[in-house]
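Inside the fold
Each chain, letter by letter, is given below.
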Number of protein chains: 2
Amino acid sequence: MKKKDTAPQDTIISTTPFPSSKKIYVPGAIHPQVKVAMREIELSDTVDSITGKRTVNQPVTVYDTSGPYTDPSKEINVHNGIEPIREQWVLDRGDVEELDSFSSEYCNERLNDSSLDHLRFNHLRKPKRAKKGKNVSQMYYAKQGIITPEMEYVAIRENQKLQEVKRLSKQHPGQDFGASIPEVITPEFVREEVARGRAVIPSNINHPESEPMILGRNFLVKINANIGNSATTSSIEEEVEKAVWACRWGADNIMDLSTGKNIHETREWIIRNSPVPIGTVPIYQALEKVNGKAEDLTWEIFKDTLIEQAEQGVDYFTIHAGVRLAYVPMTAKRITGIVSRGGSIMAKWCLAHHKESFLYTHFEEICEIMKAYDVAFSLGDGLRPGCIADANDEAQFAELETLGELTKIAWKHDVQTFIEGPGHVPMHMIKANMDKQLEACGEAPFYTLGPLTTDIAPGYDHITSGIGAAMIGWYGTAMLCYVTPKEHLGLPNKDDVRTGVITYKLAAHAADLAKGHPGAQHRDDALSKARFEFRWEDQFNLSLDPELAREYHDETLPAEGAKIAHFCSMCGPKFCSMKISQEVRDYAAKKEIDDRKALETGMQEKAEEFKEKGSEVYL
Amino acid sequence: MKKKDTAPQDTIISTTPFPSSKKIYVPGAIHPQVKVAMREIELSDTVDSITGKRTVNQPVTVYDTSGPYTDPSKEINVHNGIEPIREQWVLDRGDVEELDSFSSEYCNERLNDSSLDHLRFNHLRKPKRAKKGKNVSQMYYAKQGIITPEMEYVAIRENQKLQEVKRLSKQHPGQDFGASIPEVITPEFVREEVARGRAVIPSNINHPESEPMILGRNFLVKINANIGNSATTSSIEEEVEKAVWACRWGADNIMDLSTGKNIHETREWIIRNSPVPIGTVPIYQALEKVNGKAEDLTWEIFKDTLIEQAEQGVDYFTIHAGVRLAYVPMTAKRITGIVSRGGSIMAKWCLAHHKESFLYTHFEEICEIMKAYDVAFSLGDGLRPGCIADANDEAQFAELETLGELTKIAWKHDVQTFIEGPGHVPMHMIKANMDKQLEACGEAPFYTLGPLTTDIAPGYDHITSGIGAAMIGWYGTAMLCYVTPKEHLGLPNKDDVRTGVITYKLAAHAADLAKGHPGAQHRDDALSKARFEFRWEDQFNLSLDPELAREYHDETLPAEGAKIAHFCSMCGPKFCSMKISQEVRDYAAKKEIDDRKALETGMQEKAEEFKEKGSEVYL
């Protein structure tokens, strides 16, 4: 089952643009070098069913995470990696130095190991690091009042060119539970949110290929896709393919959770080809370095791993520093104990040494490393519940309090920080998680896994968790970590990644709608209008997964003609409510009378007239 | 694409029991002839990882909608239909008469048409009807203080043999928004709930094959699966197969929404082979009878259709009597107008005639028919929103008020009644639907389609709607009408039915958990315990879809040995948090000391000892 690892082939990468879509680049005003990628979906005209008059439907611009892969003008070569769009921005700030060599011992060991030559990424840039005494985090700049190109990029990106739509929007007012979402996102608003820690722009200076994005409760809800090999499956090629594939379908971030062979090299390939920020759990690799014996882990090995990964360009680290010694016994009576891999590793270390973990005791040193590269903290919830019964227990909330303390320390160092959350939680106990997190962690962005709202549906856990994810997103969570259908059962393949990503995109969007995020309803309205007008192609193209929508439609009515038919396979022509609705509407319009008036006066007369004309409204 | 219709083959029907499951029958106490079918899932032993001691895990009983098809002792022959378990109960009440022939003109026309012989179900029973002046509805009996066998059946069924578990249950207290769910459901409680209209037991006297089930906010949340052909697709055989298949996976009710050819015969085959109640929308067939011209519909044609279907055994009728003339213009400015097929048909009729619909004006006559067979009302939401923009608008809520008025009329006739709800609604506007329905309709059970929480994911609308369904189920909805992945795109095939049913089962269960339904957490706990103990087979067997869970597991680790392995393909052995958790737990247990004490005292000593012994906890 396990293949020998090799460098990936160019042919693996999907580079087709989405149907009827074009890539556009919106330039910055403060920083003209900023070119924000978006996808514009072109629509066909509306044809009036009575007069035949055509009305143009404006293209719909949507948030685009797919990077250069959907831009036919870009040449993609997986061996070179993608364009480092942020490199000059970083250099222009004048606060970084290029190092002659990598600082991590382990990294140099790997580079000097000729047995790895065949699977190495060969165009390594020199690593960058903050000059001595400098802090290169976006939070630091924000606190200094500086609007970076990254901040302007995300401001433009968040608006999706919908300023006009937002102004005219008739969408439902939302319920945002105390968020403060402005109608239009300005670069200054982004700066303020980053400065106060309420938002994070993951942006390691060594990952210049990444298109800036922002996490925060006052921004669009984002999603993360986990990929990564394990000791029993997968190859570098598969993982790179999954990464690009995940971005294509809408992943805003990717975590490489590899725990198998060649973790270092796998990560290099992923980062060099990733247009979205990459997160990792460094303790996984550290554990590999001590052959899987948790108790042999040391601060030195861990520190070297942090530096190794920071110089590769990892944008955020999950650090389970909240797993304190005293909390471990709180998990003994749980049904599923500790289900976080990182959490269980640290728990084992703590018990073996009967000490607080080195992640907790060395936290300020970790901050020093983070700020030298602008790696963000994703403070891990090592004690998250792994089943409904264990939800919201003492262990979970004790750790959350500690994460709140650590957040304040990270902020003291101007290190960007967000907080991981559960897990498995029944619906009625979800909001307590959000409320406690906001309070304990000073509104630092929340980043949750699901939560899964029942344990009884393995094989469908993208859905059990999609329910919880939509809800917690609505309550204020900034990023939702996807769950695939394979959760609890196996490692996701490419199809599972797509299903997981789309499920979480729709959950995140449902959350945006419920929060009343300005402009969020625009795409729903455009799609529903297309649906009502039987513009089938537009309906497909506006959907999150145009290919699947088309495929499902074609399964029952494959003929091209069916895509301009004013009915579908569900009802057939006579039972089509949309068709009848249009007739009702046309009827009113054609008579050029007020709808209500028509009904209130002269009913009998109108009825006769209608029948005389054959009772058909398309005349 | 369209096949010629024929009678179905016996071989189409899936009759395999679920793995490690046996069918059990729990007898009634008041009515010993009642035998309530349940599924008992057998589990393997827990083996203590230190002592090797085996502990027996009690079998888990689960709600079983699959009927005789999963009982190997029953002979299944699709041409005979399944056993009419309720027939004698109905006869014993002494208030029905067997008719010599069917009362509906149309039915007799079909029976006399020899061109239909090849696709006819040939073992028709004589139709039953209430004797003159009698009312045979469960609501009528309930109001008379009579506990029917149907009521005792559902009481036993709802408890799932969990009385003991409920008593000892340590599950999370729920948030039930004012429901009144008792710890144990008694037949008397069922009677009270039916009498006050807060619950419905759909049970047409002409569908004795149906195993009684109950809808109400104080009972387990139920789901409905829609099947049915259309003018462009499907056959009788496919529809019968889908019906049995839907029951297998957990459908509590089925609606036959056929609008194509041979609706009468298709329905006959489905009812005779269905162990769950069947609902229809009679206006669909009535429309077929007038060749699809809504304005040609008459009360007489509709009435004949009601009687035709009532004598076949349809358990509930969707009747769109709330679509009043004055409400139609309220839909003119909507993005998607009227999306209910029945609603749009009636709206067209109202406009054409400039009159109130005959469903509204003849409502009391409809009640007379309903109570002669115990057909329940599913009062249709003909003006439900078809997109996010149209949610909770004037038209929708005006109709809901009318449905409330009609409920009171139906109750005056002791006709069982439940109310249909939306549709497309963003998350934050869902609760208003439930609250208004409870108020307007006097707590009559609510039965909703989704709602879909965004419009932008065609192909994934089982999920966009599963989110809304779980939420509204939590708020108090009694039954959730499933949505399949094909919604808006095509007619569901067998796979889509399975996906839709399981998605809605998990949503309904998530709702039960959130409401704190007594005993609901038992299956979650059993599955999670199996998961933690690496009892893979038990994990699969306890899940809603054991086949898929196993299939996904085997995709990455197919060897049989992997199913007893103490790790899985996700993490491999070194990274398995569950394995490490068990070590942590064993460690504490083995030392025979209090967990906390172990940590607070003599830490260094313990650490040394642990390391000396090789730092492995399995010694």
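Residues numbered from 1 in each chain as written. Chains lettered and ligands numbered in written order. Predicted model: local features only at pLDDT ≥ 70, side-chain atom pairs only at ≥ 80, totals over all residues. Heavy atoms only, no water.

So the rule is basically this: UniProt positions are given in the numbering used here, feature names are shortened, and annotations may be inferred rather than shown by experiment.
Looking at an unreviewed UniProt entry, one finds chain A named Phosphomethylpyrimidine synthase, with Aquimarina atlantica as its source organism. Turning to chain A, the UniProt record has this under Function (unreviewed entry): "Catalyzes the synthesis of the hydroxymethylpyrimidine phosphate (HMP-P) moiety of thiamine from aminoimidazole ribotide (AIR) in a radical S-adenosyl-L-methionine (SAM)-dependent reaction." In UniProt, chain A has this text filed under Pathway (unreviewed entry): "Cofactor biosynthesis; thiamine diphosphate biosynthesis."

Things to note about the overall build of chain A
Rules: In this text, helices come from DSSP runs of H or I with a minimum length of four residues, and strands from runs of E with a minimum of two, each type numbered from the N-terminal end. Burial classification: accessible surface area is computed with a 1.4 Å probe over protein chains only, and a residue below 20% of its type maximum counts as buried, one above 50% as exposed, and the rest as partly exposed. Any two residues whose heavy atoms approach within 4.5 Å are treated as being in contact.
Regarding its fold elements, chain A presents 23 helices and 17 strands. Within the span of chain A, comprising 619 residues, buried residues form 69% of the whole. Sequence separation of at least 24 residues holds for 76% of the intrachain contacts in chain A that already meet a minimum separation of 6.

What about the sheet that holds strand β5 (residues 60-62) of chain A?
All names here are of chain A. How we decide: By the convention used here, strands pair only if DSSP detects at least 2 bridges between them. Only the stretch in contact is used when fitting a helix axis, every axis being a line fitted to C-alpha atoms; angles between N-to-C directions are given from 0 to 180 degrees.
The strand order β1-β2-β5 describes an open sheet built from three strands, whose pairing is antiparallel. Of all strands in the sheet, those with a lone pairing partner are β1 (21-27) and β5, marking the two edges. For this sheet the average axis-to-axis angle between neighbouring strands, irrespective of direction, equals 40 degrees. With three bridges joining them, strand β2 (residues 35-41) and β5 adopt antiparallel strand pairing. Paired with R39 across the strands is V62, a residue of β5. Where helix α4 (residues 149-159) meets the sheet, its contacts fall on β1 and β2, and the angle it forms with β2 comes to roughly 10 degrees.

Concerning the packing of aromatic side chains
Residue and element names in this part refer to chain A. As a reminder of what qualifies: Two rings from Phe, Tyr or Trp (for Trp, the six-membered ring) form a pair when their centres sit within 6.5 Å of each other. Planes less than 30 degrees apart are called stacked, planes more than 60 degrees apart edge-to-face, and all others tilted. A ring has a charge above it when a Lys NZ or an Arg CZ is no more than 6 Å from the ring centre and no more than 35 degrees off the ring normal.
Inspection of every chain in the model, using the stated rule, returns 36 aromatic pairs over all chains. For the pair F177 and W474, a centre-to-centre distance of 5.2 Å together with 55 degrees between the ring planes defines the contact as tilted. Taken together, the positions of F177 in the loop between α5 (163-168) and α6 (187-195) and W474 in helix α16 (residues 461-475) put the pair 297 residues apart, joining distant regions of the chain. Classification of F177 as partly exposed rests on a relative accessible area of 27%. Look at W474 and you get buried, because its relative accessible area is 6%. Ring pairing ties together the aromatic residues W299, F302, W349 and F358, which thus form one cluster. Positioned over the ring face of Y475 is K431, at 5.9 Å from the centre of the ring. Cation over ring: K494 sits above W245, and NZ or CZ is 4.3 Å from the ring centre.

A word on the pairing of strand β10 (residues 222-227) of chain A
Residue and element names in this part refer to chain A. The element β10 is extensively covered by neighbouring structure, given that six of its six residues are classed as buried. Of the two faces of β10, the one holding K222, N224 and N226 and the one holding I223, A225 and I227 are both buried throughout. Direction of pairing for β10 relative to strand β17 (residues 479-481): parallel, over a ladder of three bridges. Paired with I223 across the two strands is L480, which belongs to β17. Sheet topology note: the β10/strand β11 (residues 253-256) ladder contains four bridges and is parallel. When the bridges of β11 are listed, I227 appears paired with D256.

Focus on the confidence of the model for chain A
Rules: Residue-level confidence of the predictor is what pLDDT reports, using numbers from 0 through 100.
For chain A, the mean per-residue pLDDT works out to 91, and 90% of the residues sit at or above 70. This prediction of the complex comes with two scores: 0.94 for pTM and 0.93 for ipTM.

Topic: helix α20 (residues 546-556) of chain A
Here α20(A) has its buried residues at A:P546, A:L548, A:A549, A:Y552, A:H553 and A:T556. Against the buried residues of α20(A) lie α7 (236-249), α17 (494-515) and α19 (536-542) of chain A.

Description of the pairing of strand β11 (residues 253-256) of chain B
Looking along a regular strand, one sees the side chains alternate between the two faces of the sheet. How we decide: Looking down the strands as they point away from the viewer, one classifies a crossover as right-handed if the path from the first strand across the helix to the second runs clockwise.
Neither face of β11(B) is open: one carries B:N253 and B:M255, the other B:I254 and B:D256, and all of them are buried. Crossover β11(B) to strand β12 (residues 278-280) of chain B through helix α8 (residues 263-272) of chain B is right-handed.

Details of the interface of chain B and chain A
To be explicit about the condition: Buried area: the accessible area, evaluated with a 1.4 Å probe, that two parts lose upon being put together, summed over both parts. In what follows, salt bridge is the name for a side-chain nitrogen of Lys or Arg lying within 4 Å of a carboxyl oxygen of Asp or Glu. Side-chain atoms alone can form a polar contact between residues adjacent in sequence; in general such a contact is a pair of N or O atoms within 3.5 Å, and within protein one must be able to donate a hydrogen while the other accepts it. Residues are sorted three ways: Asp, Glu, Lys and Arg are charged, Ala, Val, Leu, Ile, Met, Phe, Trp, Tyr, Cys and Pro are nonpolar, and all the rest, Gly among them, are polar.
The partner chain A presents 132 residues to the 131 residues of chain B that form the contact. Between chain B and chain A, a total of about 11400 Å² is buried, with carbon and sulfur atoms accounting for 68% of that surface. The tally of links from chain B across to chain A stands at two salt bridges. Between B:E555 and A:K486 there is a salt bridge whose closest N-O contact spans 2.6 Å. The interface formed by chain B and chain A includes 22 residue pairs in polar contact (both at pLDDT 80 or more). In terms of residue class, the side of chain B that touches chain A is made up of 64 nonpolar, 40 polar and 27 charged.

Here we look at the pattern of salt bridges
Residue and element names in this part refer to chain A. Using the criterion set out here, one finds 88 salt bridges over all chains in the structure. Its salt-bridge partner being R125, residue E87 comes within 3.8 Å of it at the nearest N-O pair. Taken together, the residues E87 in helix α1 (residues 87-92) and R125 in the loop between α2 (105-111) and β7 (128-130) connect sequence positions 38 residues apart. Close ionic contact of D393 with R334 constitutes a salt bridge, the shortest N to O distance being 2.7 Å. Of this pair, D393 sits in the loop between β14 (376-379) and α14 (394-412) while R334 sits in the loop between β13 (316-319) and α11 (341-353), and the two are 59 residues apart along the sequence. An identical accessibility class is assigned to D393 and R334; each is buried.

Notes on the side chain of B:T484
Within the element layout of this structure, B:T484 appears in the loop between β17 (479-481) and α17 (494-515). By relative accessible area, B:T484 is classed as buried at 4%.

What to know about the packing of α14(A) against helix α15 (residues 430-440) of chain A
Residue and element names in this part refer to chain A. Just so we agree on the cut-off: For classification, angles of less than 35 degrees are called roughly parallel, those exceeding 145 degrees roughly antiparallel, those between 65 and 115 degrees roughly perpendicular, and all remaining angles oblique. Less than a right angle of anticlockwise turn of the near helix away from the far helix marks a crossing as left-handed, whereas a clockwise turn marks it as right-handed.
At a closest axis distance of 9 Å, the pairing of α14 and α15 adopts a crossing angle of 30 degrees. By the criterion of interaxial angle, the relationship of α14 to α15 is roughly parallel. Relative to α15, the crossing made by α14 is right-handed. Between α14, through Q396, F397, L400, E401, G404 and K408, and α15, the contact on the second element is made entirely by N433, K436, Q437 and A440. In terms of residue class, the contact of α14 with α15 is made up of three nonpolar, four polar and three charged.

Notes on the sheet that holds strand β5 (residues 60-62) of chain B
Pairing between the strands of a sheet is mediated by backbone hydrogen bonds and can be parallel or antiparallel. Residue and element names in this part refer to chain B. Strand order in the open sheet formed by three strands is β1-β2-β5, and the pairing between neighbours is antiparallel. With one partner strand each, in any of the chains shown, β1 (21-27) and β5 form the two edges of the open sheet. Within the sheet, the average angular offset between the axes of one strand and its neighbour, ignoring direction, is 40 degrees. Bridging between β1 and strand β2 (residues 35-41) involves seven bridges; their strand directions are antiparallel. When the sheet's bridge partners are listed, S21 is paired in β2 with I41. The sheet contacts of helix α4 (residues 149-159) involve β1 and β2, and relative to β2 the element is tilted by about 10 degrees.

Structural notes on the relation of the copies chain B and chain A
We apply this condition: We place the copies in one frame by least squares, fitting the C-alpha atoms of every residue whose pLDDT is at least 70 in both.
By a simple turn and slide, chain B fits onto chain A: the slide is 0.0 Å along the axis, the RMSD is 0.0 Å, and the turn is 180 degrees. Interpreted geometrically, this transformation is the action of a two-fold axis. Residues of chain B ranked by C-alpha distance from the rotation axis are headed by B:I467, positioned 2.3 Å from it. Interface residue correspondence from chain B to chain A reaches 100%, placing this contact among same-surface, isologous pairings.

Brief notes about the packing of helix α9 (residues 282-289) of chain A against helix α10 (residues 299-312) of chain A
Residue and element names in this part refer to chain A. α10 packs onto α9 with a crossing angle of 125 degrees between their chain directions and a minimal axis gap of 9 Å. Classified by the interaxial angle, the pair formed by α9 and α10 is oblique. α10 is crossed by α9, and the crossing has right-handed handedness. Contacts from P282, I283, Q285, A286 and K289 of α9 reach α10 at I301, F302, D304, T305, L306, E308 and Q309. Broken down by class, the residue content of the contact of α9 with α10 amounts to six nonpolar, three polar and three charged.

Section: the state of the cysteines
Selection criterion: Only a pair of cysteine sulfur atoms within 2.5 Å counts as a disulfide in this structure description.
Enumeration over the complete set of coordinates arrives at zero disulfides over all chains. Between A:C247, a cysteine without a disulfide, and A:C481, which holds the nearest cysteine sulfur, the sulfur-to-sulfur distance is 14 Å.

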